[in-house]
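Here is what each chain is made of, one letter per residue.
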Amino acid sequence: MQLGPYLLPNPYFVAPMAGVTDRPFRKLCRKLGAGHAVSEMVTSRPDLQASLKTSRRANHDGEPGPIAVQIAGTDPVMMAEAARYNMERGAQIIDINMGCPAKKVCNRWAGSALMQDEPLALSIIEAVVAACAPRGVPVTLKMRTGWCEARRNAVVLARAAEAAGVQMITVHGRTREQAYRGHAEHGTVAAVKAAVGVPVVANGDIDSPQGARRVLRETGADAVMIGRAAQGRPWIFREIAHFMATGTLRAPPLVAEVRQWLMEHLDDHYTLYGDGLGVRTARKHIGWYVQDLPGGPDLRDRINRTDDRTEQVRQVDDWLQWLHQRMDRLPAPDAAPHEIAHSDLMA
Ligand SMILES: Cc1cc2nc3c(=O)[nH]c(=O)nc-3n(C[C@H](O)[C@H](O)[C@H](O)COP(=O)(O)O)c2cc1C
């Protein structure tokens, strides 16, 4: 898929998730087959740009391109400024967040709340495109199907966004009112695809290669975006690519491969966050990797009780070696064996 000057290697994207898709995780997803990875959202508030959290999010050292940064805010001038700020720090694609259900910026709701104020949404899009166009940086948009069931205006906004110069549109098949409840509906995604000429990305509840193929077929979308199903399973992208190419399911990864990826992930994670914060924030990633696996919940309990990097790595490594003695490959996702007790794990 062509996005401005960039040819994306495949149409299986990892979704931006604040607190999850940081640079280490994005790098790993790309290495394991994701064709595109957008950063966690970065606030447009200038007073927060110097904060450690925001500057960490705007740091792309060693990240393979094209580097896509998502910005969130409610003010067109500040959003344009945020686009410039991030382009100066390496952003090659700017994504506007109109999909997040819960982000308050300057006492106003940003993200998907903008969908209920179409003139303001359009002003933001125009201001960001005006800031990016002179540098040849494509602007993309991520949104939901609408504000609420009665006001599903994704098609109207998508048409206006395309006319304003947006080059790719992602639609999460839920309204803002739904937050993450219920199921994603992809009928609106199909309607958006039929209404615009720019590439459309379908998002919401895709958690398997079969699901990716079904949504691509149902919507005619150009790509799919995977969020929660990639947590602790970054190899889902190569599984989708294999299934789409061959029609057969790829064997689950070898435990030895998972060990290599997880260790690499942890190492990169501690380097970005430092040992103290790194150990605490790595816990959720480790928890996702090990959930549904033998001894997983037990390992999670133990790593929640240590604040030491060396000890955290040792616990994870011991568990992986223990797992390796019992199986070569991870179980297929639907066939995860039942939990094994702590006493068994320690045996
Ligand atoms: C923990 C978490 C953080 C998220 N943060 C963002 C964000 O920063 N920007 C955004 O556009 N969407 C964000 N989302 C929404 C996802 O990008 C995605 O649209 C949503 O999770 C639906 O996709 P899924 O069913 O594949 O998870 C977030 C979702 C989760 C679960």
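Calculation notes
Residues numbered from 1 in each chain as written. Predicted model: local features only at pLDDT ≥ 70, side-chain atom pairs only at ≥ 80, totals over all residues. Near = placed C-beta within 6 Å. Nonpolar A, V, L, I, M, F, W, Y, C, P; charged D, E, K, R; others polar. Buried ≥ 20, exposed ≤ 12 C-beta atoms within 10 Å, placed from the backbone. Helix = DSSP H or I, 4+ residues; strand = E, 2+ residues; numbered from the N terminus. Arc of directions from axis to C-beta. Contact = placed C-beta atoms within 7 Å. Pairing = 2+ DSSP bridges. Right-handed = clockwise from strand over helix to strand, strands pointing away.

1. Some thoughts on the site of the ligand
Alright, step 1. Around the ligand sit 22 residues in total, of which Ala-15, Met-17, Ala-18, Gly-227 and Arg-228 are the nearest.
Alright, step 2. Looking at the shell around the ligand residue by residue, the class counts come to ten nonpolar, eight polar and four charged.

2. Considering helix α5 (residues 154-164)
Alright, step 1. Looking at α5, one finds that the buried residues are Ala-154, Leu-157, Ala-158, Ala-161 and Glu-162. Buried positions in α5, seen along its axis, are confined to an arc of 135° and lie on one side of it.
Alright, step 2. Its buried side turned inward, α5 meets α4 (118-132), β9 (139-146), β10 (168-175) and α6 (187-195).
Alright, step 3. Following α5 by one or two positions, Gly-165 adopts a phi angle in the positive range, close to 110°.

3. Some thoughts on the pairing of strand β6 (residues 93-98)
The two faces of a sheet get side chains in turn, since along a regular strand they alternate between them.
Alright, step 1. In terms of residue burial, β6 counts as a mostly covered element, since six of its six residues are buried.
Alright, step 2. Burial of the side chains of β6 extends over both faces: Ile-93, Asp-95 and Asn-97 are buried on one face and Ile-94, Ile-96 and Met-98 on the other.
Alright, step 3. In the sheet, strand β5 (residues 68-72) pairs with β6 via four bridges, with the strands oriented parallel. Bridging from a neighbouring strand, Ile-71 pairs with Ile-96 of β6.
Alright, step 4. Where the polypeptide runs from β5 across helix α3 (residues 76-88) and back to β6, its parallel neighbour, the crossover connection is right-handed.
Alright, step 5. Pairing analysis gives five bridges linking β6 to β9, with the strands arranged parallel. The residue bridging Met-98 from the neighbouring strand is Met-143, located in β9.

4. Examining unusual backbone geometry
Alright, step 1. At the junction of Gly-65 and Pro-66, the peptide bond is cis and its omega measures out at -5° in the coordinates.
Alright, step 2. Note on placement: Pro-66 falls in the loop between α2 (52-57) and β5.
Alright, step 3. Look at Ala-179: it is not a glycine, yet its phi comes out positive at around 50°.
Alright, step 4. By the element assignment, Ala-179 lies in the loop between β10 and α6.
Alright, step 5. In this model, Asp-205 sits at a positive phi of 65°, which is unusual for a non-glycine residue.

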